[in-house]
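What the coordinates show
Below, each chain spelled out in residue letters.
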Amino acid sequence: MTVTLKDMANAIRALSMDAVEQANSGHVGLPLGMADAASVLFTRHLKYDPKMPDWADRDRFVLSAGHGSMLLYSLLYLTGYDSVSLDEIRNFRQLGSATPGHPENFITQGVETTTGPLGQGLAAAVGMAMAERHLNARFGDELVSHRTWVLAGDGCLMEGISQEAITLAGHMELSNLIVLFDDNAVTIDGSTELADSTDQSARFEASGWATRRVDGHDTGDIDAALEWAKTQDRPVMLAVKTRIGYGAPTLEGTGKAHGGPYGAEEIAGIRETIGWPHAPFQIPGEILSAWRAAGLTGEAERQAWDSRLKAAADGPAFLKAMEDPLPLDLDGMISAHKQSVIEAGKDDATRKWSGAVLEVLTDAIPEMIGGSADLSGSNNTKTRHTAPMTAENPAGRYIHYGVREHAMAAAMNGMALHGGVIPYSGTFLVFSDYSRAAIRIGALMGLRVIHVMTHDSIGLGEDGPTHQPVEHVAALRAIPRMHVFRPCDGVETAECWELALRQTRGPSTLALTRQKVASARRTHETGNLCRTGAYVISPADGEEKAVIIATGSEVEIALGAQSRLAGEGIHARVVSMPCMELFEAQPRDLQDEILGPDHLPCVAVEAGVRLGWDRWIGRDGGFVGMEGFGASAPYKDLYRHFAITPEAVADAVRARI
């Protein structure tokens, strides 16, 4: 038997429809339609080695249209990845399987990024491509020279994040990025004409991409288009014209073809149409052997790369960047910086203290790649060590994202997934709403991505309630695996940066002030007091009657209340809680030691909403903060207007004694 590309594509179709039917759930329309293009890509163009799924110089394949996950799982099984067996294909969408409903990189080796929310994969791929270009500029072609391929659908391109992502990629001239657009003109509701009339090729071309239209069921045309795409000097979008639900007698080309199951009669019709007489989950030996042979073609290239890595003078530096880029003396550097902050003894905004510690960190950690959504001067994320990353200078370490908060967060996810860099970037905290979907999926994947969110409360003042976050800190704290740091001064800011860098299993947010705050830590401690999430920043000076907990700029207010109360003989400890998530992870006895005896009344102060505080202060605890939106005025007037003052905190304590 001579195995053709059409036979190999039909193996994808068969596995996909059989798995969806058995699960009685899933999306088979995309695998049926894109099987031809995927077969050409994985047999003739993609650089990969199933025996070494984490090979650093492999091509990345991103299934942005993650609902079509069976396409990817079929490819992983057919090409010989250990992570996906035929039993796992049969177990599609079942609890504990390696084949969940949407691809999850932390479950299945060979999946580059978790996708499902449309457009996220495309935007993450832009970050992967930027990381590759940067590392290529740093280490050269011998160690870093690969492409990022994306399969995106109509839904991906309708999502707003796609516009941010494709314009950023075009501006950066990412010639290592190739998007295969599944141009089937169908969404769940029906024809795309119901909701959209965009000429996607013209749209991409206007954003600096090269485009080409491709017959998605002509393997020769697909092969020629992929070869052409690799020669372009800019990112490429191939509009691959397909028929969704290819082969389905009554559903092909319709909105109903998007999802499944199709039912036994329709599946039998597909088998007849594509000439596949085999039983469910049965792949003829010749076809499977052809696929396995395709999976072996990258092994020699990977072995040659291994040899180059061993011989390269900067091989150790490359491995360190990919595996563990933090310096061994990070804690010593932070300690020295804290000492300098204490010696300076000045009041300042925590965003500026953040900028100061970034000067130290970006000098010592070349893997740190910064950026901002057009707010560099406000976020203080650019340092003198981070030249702009541009199309002409991919070696730069600072990305001017423009006003693209959503794509910025998603691109950072892609950079973290790629490896070799530690991404961080800035915007205003209130704009975390724009990027929340990307932040959430980064948390789901457990990525080390650092979000610098400044102007963190009504303390930003005159810009008013449109820009004043009140619920945002609580909303970010609600995301699993997210660590939200709200430091109170320059010392805590440095400590929180160290902790964020060490968070390798999830993202971090640094919520920082616009306004100046007083230094609260005036005595040098070599250790990182913020590591437990909360600590007693000022003990009671006498018989203890209450506990005051505060974060960020409100620690200064708590200390003022402590002083007022002490003058009346009411002694209270003040606890700074820069990171609730870290504190929640501490043993109960340590939590009790920090918060004090249960019988002591507890009052918290934070210039945000109460949500999330009751676990620490109890239902009867006092809370001084915001109950609604802010207003436009100088920040000191706002704090008085909303009664977030030392006297208000003292009143809340008095009321509970």
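Read on for a plain summary of the structure. Keep in mind it's a predicted model, so treat the numbers as computed, not measured. (Residues numbered from 1 in each chain as written. Predicted model: local features only at pLDDT ≥ 70, side-chain atom pairs only at ≥ 80, totals over all residues. Heavy atoms only, no water.)

1. Details of the overall build of the protein chain
Across its full length, the protein chain carries 26 helices and 18 strands. A globule of 657 residues ought to have a C-alpha radius of gyration of about 26 Å, and the protein chain, at 28 Å, matches this closely. Out of the 657 residues belonging to the protein chain, those deemed buried represent 62%. For the protein chain, restricting intrachain contacts to residue pairs at least 6 apart in sequence, the fraction spanning at least 24 positions comes to 77%. Element-wise, carbon and sulfur atoms account for 48% of the exposed surface of the protein chain, whose accessible area totals about 24200 Å². Between the averaged position of the 58 positive side-chain charges in the protein chain and that of its 84 negative side-chain charges there is a distance of 3 Å. (Helix = DSSP H or I, 4+ residues; strand = E, 2+ residues; numbered from the N terminus. Rg over C-alpha atoms; globule rule 2.2 N^0.38 Å. Buried < 20%, exposed > 50% of the residue type's maximum accessible area, 1.4 Å probe, protein only. Contact = heavy atoms within 4.5 Å. Areas by Shrake-Rupley, 256 points an atom, 1.4 Å probe, with all protein chains shown as cover. Lys, Arg positive; Asp, Glu negative; His and termini not counted. Charge placed at Lys NZ, Arg CZ, Asp CG, Glu CD.)

2. Topic: the sheet that holds strand β7 (residues 236–241)
The five strands are arranged β1-β2-β3-β7-β6 in an open sheet whose pairing can be described as parallel. If you trace the sheet from one side to the other, it starts and ends with β1 (60–63) and β6 (210–215), each paired once. Sheet twist, expressed as the mean angle between neighbouring strand axes with direction ignored, is 20°. As defined by bridge partners, β1 adjoins strand β2 (residues 148–153) across four bridges and the pair is classed as parallel. Residue Leu 63 lies in a different strand from β2, and its bridge partner there is Leu 151. Against the sheet, helix α5 (residues 120–139) contacts β1, β2 and β3 (177–183), and its axis sits at roughly 165° relative to β2. The sheet contacts of helix α9 (residues 219–229) involve β2, β3, β6 and β7, and relative to β6 the element is tilted by about 165°. (Pairing = 2+ DSSP bridges. Axes fitted to C-alpha atoms, helices over the stretch in contact; angles between N-to-C directions.)

3. A few points about the sheet that holds strand β10 (residues 422–428)
Pairing is parallel across the open sheet formed by six strands, whose spatial order is β9-β8-β10-β11-β13-β12. At either margin of the open sheet sits one strand with a lone partner, and together these are β9 (398–400) and β12 (483–485). In this sheet, neighbouring strand axes are inclined to one another by 20° on average, regardless of whether the strands run parallel or antiparallel. Sheet analysis places β10 next to strand β11 (residues 450–454), joined by five bridges and oriented parallel. Among the inter-strand pairings, Thr 427 is bridged to a residue of β11, identified as Met 453. With respect to the sheet, helix α15 (residues 350–364) is in contact with β8 (368–372), β10 and β11, its orientation differing from that of β8 by roughly 150°. Where helix α20 (residues 490–502) meets the sheet, it contacts β8, β10, β11, β12 and β13 (508–511), and its direction lies at approximately 150° from that of β11.

4. Here we look at a nonpolar patch on the surface
On the surface, Phe 106, Ile 107 and Leu 444 cluster together into a nonpolar patch covering about 230 Å² of accessible area. Following the sequence through the fold, Leu 444 ends up in helix α18 (residues 432–445). Assessed through its relative accessible area of 34%, Leu 444 is described here as partly exposed. (Patch = residues over 30% accessible without salt bridge, like charges linked within 9 Å, V, L, I, M, F, W, Y side chains within 5 Å. Salt bridge = Lys/Arg side-chain N within 4 Å of Asp/Glu carboxyl O.)

5. Remarks on helix α1 (residues 5–23)
Between its terminal C-alpha atoms α1 stretches 27 Å, which fits the 27 Å expected from 19 residues at 1.5 Å a residue. Burial of α1 is extensive: 16 of the 19 residues sit out of reach of the surface. (Expected span 1.5 Å × (residues − 1).)

6. Notes on unusual backbone geometry
Following Gly 260, the chain continues into Pro 261 via a peptide bond in cis, with omega recorded as 0°. Along the chain, Pro 261 falls in the loop between β7 and α10 (264–274). Positioned with a positive phi, Asn 380 is a non-glycine residue whose angle comes to about 60°. Residue placement: Asn 380 occurs in the loop between α16 (376–379) and β9.

7. A word on the pattern of salt bridges
For side chains bearing opposite charge, pairing can occur when the charged atoms are close. By the definition in use, this model includes 34 salt bridges. A salt bridge links Lys 51 to Glu 299, with the shortest nitrogen-to-oxygen separation between them at 3.6 Å. Placement of the pair is Lys 51 in the loop between α2 (29–44) and β1 and Glu 299 in helix α12 (residues 299–311), with a sequence separation of 248 residues. Across the pair Glu 495 and Lys 338 runs a salt bridge whose closest N-O atoms are separated by 2.7 Å. Note that Glu 495 is positioned in helix α20 and Lys 338 in helix α14 (residues 330–344), a separation of 157 residues in sequence. The buried category is assigned to Glu 495, whose relative accessible area is 0%. By relative accessible area, which is 2% here, Lys 338 ends up buried.

8. Overview of the packing of α2 against helix α3 (residues 69–79)
Where α2 contacts α3, the two axes come as close as 10 Å, and the packing angle between them is 40°. Relative to α3, α2 is oriented oblique. Judged by the sense of rotation from one axis to the other, the crossing of α2 with α3 is right-handed. Between α2 and α3, the contacting residues are Leu 30, Pro 31, Met 34, Ala 35, Ala 38 and Phe 42 on the first element and Met 70, Leu 71, Leu 75 and Thr 79 on the second. (Parallel < 35°, antiparallel > 145°, perpendicular 65-115°, else oblique. Left-handed = near helix turned anticlockwise from the far one by under 90°.)

9. Observations concerning the packing of aromatic side chains
Inspection of the entire model under this criterion finds 13 aromatic pairs. Ring plane angle 90° and centroid distance 4.9 Å describe the contact between Phe 204 and Trp 209, whose orientation is recorded as edge-to-face. A relative accessible area of 0% means that Phe 204 is categorised as buried. Look at Trp 305 and Phe 318: their rings are 6.0 Å apart centre to centre, the planes differ by 70°, and that puts the pair in the edge-to-face class. Placement of Trp 305 in helix α12 and of Phe 318 in helix α13 (residues 315–323) is noted, with a sequence separation of 13 residues between them. (Phe/Tyr/Trp six-rings, centres within 6.5 Å; stacked < 30°, edge-to-face > 60°.)

No statement about biological role is implied by the geometric values presented.
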